[in-house]
Structure formats: C-alpha cells, structure tokens
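# Geometric and topological summary
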Amino acid sequence: MKVLLSTFGKDDFEKVVQAMRRLPYERLVLVGDAKAIESKSLAKIRGLEEMSGHEVADELVPEDGFMEIVDAISEILDRHSRDGRGKRNEIVMNISGGNKLLGDAALFAAFRSGTETYHCDEKLTKLPVLRGLTAKDRFTPSQVRFITQMDEPSVPFDRMVESISPGNRQPVERVMRELRKSGMIETKVESGKIIISLSDAGAEVARAIRMT
Amino acid sequence: MVAVFGTLGYRPKSLIPTIRSTQDVDKVVFYCGADKYDPEAVKKVAEAKRSVLDYCRTMKIATDAVDLDDPFDFKRIAVRIRGDIKRHKREGKEVAVFNIAGGTRPTSSAALLACILEGVPTVYVHDLTYEEIHLPLLRIEYSQVLSVEERQILRTLLKNKSKSLTEVELAKLVGKHKATVNHHLKNLIAKGAVRLEKHPEDSRKKIVRLEESTELLLGDDD
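Parameters at a glance
Residues numbered from 1 in each chain as written. Chains lettered and ligands numbered in written order. Predicted model: local features only at pLDDT ≥ 70, side-chain atom pairs only at ≥ 80, totals over all residues. Heavy atoms only, no water. Helix = DSSP H or I, 4+ residues; strand = E, 2+ residues; numbered from the N terminus. Buried < 20%, exposed > 50% of the residue type's maximum accessible area, 1.4 Å probe, protein only. Contact = heavy atoms within 4.5 Å. Areas by Shrake-Rupley, 256 points an atom, 1.4 Å probe, with all protein chains shown as cover. Lys, Arg positive; Asp, Glu negative; His and termini not counted. Charge placed at Lys NZ, Arg CZ, Asp CG, Glu CD. Domains from an automatic or database assignment. Buried area = accessible area lost by both parts, 1.4 Å probe. Salt bridge = Lys/Arg side-chain N within 4 Å of Asp/Glu carboxyl O. Polar contact = N/O pair within 3.5 Å; in protein donor to acceptor, adjacent residues only side chain to side chain. Nonpolar A, V, L, I, M, F, W, Y, C, P; charged D, E, K, R; others polar.

## Description of the overall build of chain A
- Counting its secondary structure elements, chain A contains 9 helices and 9 strands.
- With the C-alpha coordinates aligned to their principal axes, the bounding extent of chain A is approximately 70 × 35 × 30 Å.
- Looking at chain A as a whole, 52% of its 212 residues are labelled buried.
- Look at the contacts in chain A between residues 6 or more apart in sequence, and 58% of them connect residues 24 or more apart.
- Accessible area of chain A: about 10200 Å², with a carbon and sulfur share of 48%.
- Side chains of chain A give 33 positive and 34 negative charges; the mean places of these two sets differ by 5 Å.

## Some remarks on the domain arrangement of chain A
Residue and element names in this part refer to chain A.
- Partitioning chain A into structural domains gives domain 1 (2–127) and domain 2 (135–211).
- Listed by partner, the interface residues are 8 residues for domain 1 and 6 residues for domain 2.
- For the domain 1 and domain 2 pair, buried surface summed over both sides reaches about 550 Å², with 50% attributable to carbon and sulfur atoms.
- Taken together, domain 1 and domain 2 are joined by 2 salt bridges.
- Residues Arg207 and Asp71 are paired through a salt bridge, measuring 3.9 Å at the closest nitrogen-oxygen approach.
- The interface formed by domain 1 and domain 2 holds 1 residue pair in polar contact (both at pLDDT 80 or more) in total.
- Among the elements of the structure, α4 (66–81) and α5 (100–113) are those that each provide at least two residues to the side of domain 1 that touches domain 2.
- A per-class count over the side of domain 1 that touches domain 2 returns 3 nonpolar, 1 polar and 4 charged.

Shown next, in the form of structure tokens:
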C-alpha cells in the first residue's frame with residue numbers, strides 16, 4: 001500500500017492538498033502538534049478523504065524538543081511502513097507542512113530511515129534521500145553489533161570483548177579502531193583500562209539502529 | 001579561518017548566540033530573505049540583518065550577508081548553500097557550525113539538507129530560551145551506500161544530462177557490458193537514484209534519467 005505521510009500545521013490545508021495531488025497515495029497520514037490535529041484545516045481534509053471512503057490517520061508529535069520530534073516521527077514512519085500482514089508499505093513523506101522545527105525534524109528522520117521524501121510547495125522537490133538506506137546500512141554487521149552493545153554511556157573495553165567475542169580481543173579491537181576513526185566512539189584510559197563512550201554521532205546511530 | 005554559517009529571519013537573537021559560543025570566529029556567513037510582497041516581513045528581516053551586521057562590526061568579525069531572491073525556493077537555496085560550504089572548504093576555511101534556526105521554513109530545511117550532505121556541525125536555537133541544541137548529524141558517505149560502478153554511472157549521467165541516453169549508449173560511455181550496466185541500473189532504480197523512460201521513437205528502448213534529487217546528492221564538483 002502507498003502511504004503519504006505529511007507534516008502538518010493548523011493553517012496548512014493548501015500545502016497538504018498540493019502534496020495529495022502530486023504524490024499518489026492510498027492512505028494519508030498527517031503528523032502535527034495538538035493545534036494542528038484539532039484544526040479546521042484537518043477537518044476539511046478529513047471531509048475530502050471521506051468522499052473517497054477513506055480516513056485520515058492523524059499522529060500527534062511533541063511541540064518542542066528537536067530530537068524528541070525526530071524520534072516520534074521515526075517511530076511513526078516505522079509503524080506505518082508495516083501493513084500488519086508481514087509486508088512493507090511504500091511510504092513517501094512530504095515535509096513542507098507545520099512549523100520549521102517539525103519540518104526539519106522530519107527531514108532528519110527521513111535520512112535516518114531512508115524514506116523517500118519531498119518538499120512540496122509551489123514546486124515539488126524530491127530530496128536526495130536514497131530509498132531504503134538507513135543509518136544502519138552505513139555500517140558493517142560487526143560495527144552495528146558493537147554500537148548496539150554500548151548500553152551505558154561508558155563501557156570498559158574488557159566488557160565489550162566479553163559480550164561480543166569472549167576470549168577473542170583482536171576482532172573487537174579492530175572494530176573499535178574503525179569506529180573511533182569514523183568518529184562514532186571515543187576512548188580514554190582510566191586506571192590502566194580502556195573505557196569506551198559513544199560520541200554524539202555514535203549515540204544518534206545507536207538510536208537510529210534501535211528504531212529501524 | 002573559522003566561519004560560522006547561519007540562516008536569519010526576524011530575530012537576530014536566534015543567530016548571535018552561536019557567534020558568541022564559537023571560539024575564534026573570523027567570519028559569519030548568513031542567509032536571509034523575505035516575501036517581497038509582504039512589506040512588514042521585508043522591514044523585519046532588514047532590521048534583523050542590520051543588527052547582526054552591527055554586532056559583527058563591533059566584534060571585528062567579517063560578514064557575508066547573502067540576500068536570497070526567493071526565500072521559499074527550497075532547491076535553489078540548498079544548491080546555493082551547499083556550493084558556498086564547498087567553496088569555503090576548498091579554500092581551507094573551517095565551517096565551525098551552521099545555525100539553522102532562523103529564516104523561512106524552506107531556507108532552514110535547505111540549510112539542514114546542505115549540512116547533512118556536507119557533514120557540517122549543525123545547531124538549532126530554542127525559540128524561547130535561546131539555548132543552542134547541537135544536532136547529531138551523520139554525513140552521508142556515498143562510498144558506503146553506492147558501489148564504485150553505481151557512482152560511475154551516476155557521474156556519467158550527470159555529465160550527459162542534456163542528452164537522452166539509452167542503456168546501450170550508457171554502457172558504451174562507461175565502458176561496460178550492457179548486462180552489467182543493466183544490473184547496476186536495477187539497484188539504482190531501487191534506491192530511487194535513476195528512472196527509466198520510454199524512448200519517444202523506439203518502444204523497445206528505454207532512456208535512463210537521473211532523478212532530480214540525485215543531482216542535489218552528487219553536488220556539482222565531487
């Protein structure tokens with residue numbers, strides 16, 4: 001099923017209608033804050049959809065906190081990408097509705113999840129998100145395993161070896177070096193022991209991997 | 001040289017905190033623009049621009065205020081900002097941070113897109129508290145998501161974008177067998193980077209087109 005997911009603000013009737021006309025869909029999902037969900041614009045869009053025998057799915061996201069909104073949109077994208085019968089829905093997202101914070105957070109979430117995304121205003125611009133390529137796809141399986149094992153802000157290297165490859169330090173060391181080089185982790189020595197922590201970018205990857 | 005980039009709307013307070021919090025700033029580049037048909041917006045943006053210029057002059061920081069002709073033209077703004085970031089990098093200047101809090105919605109989103117593509121540290125400033133929020137951006141490394149052959153095909157299509165290349169013509173240009181190119185094209189279509197169109201004169205042939213978004217992705221001088 002084709003799902004059109006659009007960010008939405010209380011006065012964005014025209015913007016959403018533009019996206020509805022230009023991006024073919026079977027199910028419409030609107031993402032906005034409480035004011036948008038209760039707005040007359042949304043009621044009008046519901047009316048339009050009812051004419052075709054369909055409902056609008058509305059999804060509430062926080063009004064504040066950039067990364068909180070990113071996480072909320074990522075979760076919504078993930079949920080609507082599953083059709084309940086073990087198949088995947090085809091999702092396209094429009095980020096032109098709602099306020100600046102919501103649009104930017106949606107753009108961020110699109111790159112995180114590899115969702116085909118558009119900015120639909122007077123012109124329709126397809127954004128350079130490669131379809132289906134998530135943050136996870138940019139790392140090797142060993143690197144993904146290492147990152148997801150970082151379940152605390154700081155983890156001793158010895159504990160990582162125990163949980164990833166007991167008794168075999170070399171492959172874990174190699175992955176640690178790769179991730180340090182790419183800026184995903186930071187290391188320091190405390191009382192003769194190597195302590196590993198995720199960088200900000202590494203923490204984002206860990207969050208993205210857990211959500212996708 | 002350390003440069004701070006930013007987008008500016010009505011509020012200089014959304015940009016100045018980033019200039020203050022960045023060490024040894026030599027230059028501030030900011031993008032602003034208002035709806036030409038809204039005199040109130042034009043006035044407010046001009047006032048904000050003047051405030052930032054005054055602040056930088058007092059602090060002896062060089063400025064480059066970029067007036068956007070159309071602050072709602074998402075693609076044009078993204079291309080412009082990405083080009084400016086690349087130019088700064090080529091000249092050996094460090095883009096310390098990009099503040100995307102100000103300006104119109106398309107301006108802010110276009111700046112965020114350029115930062116993701118160029119791996120520039122990005123901040124948002126809270127509307128009420130003016131607190132800076134650092135975004136944990138990940139640079140898109142295309143070497144990891146596109147194979148060497150796929151990148152070669154995309155570059156060839158970009159160089160020949162004025163032409164209507166068939167699969168056979170494309171295979172000749174990249175010096176590979178048609179079947180090999182066909183395999184890579186299938187992958188690129190699945191990733192949403194290219195599409196096939198019917199040949200206007202020969203229904204057996206297909207023309208390979210680069211998606212508009214791929215041009216944004218590849219940039220102009222990679």
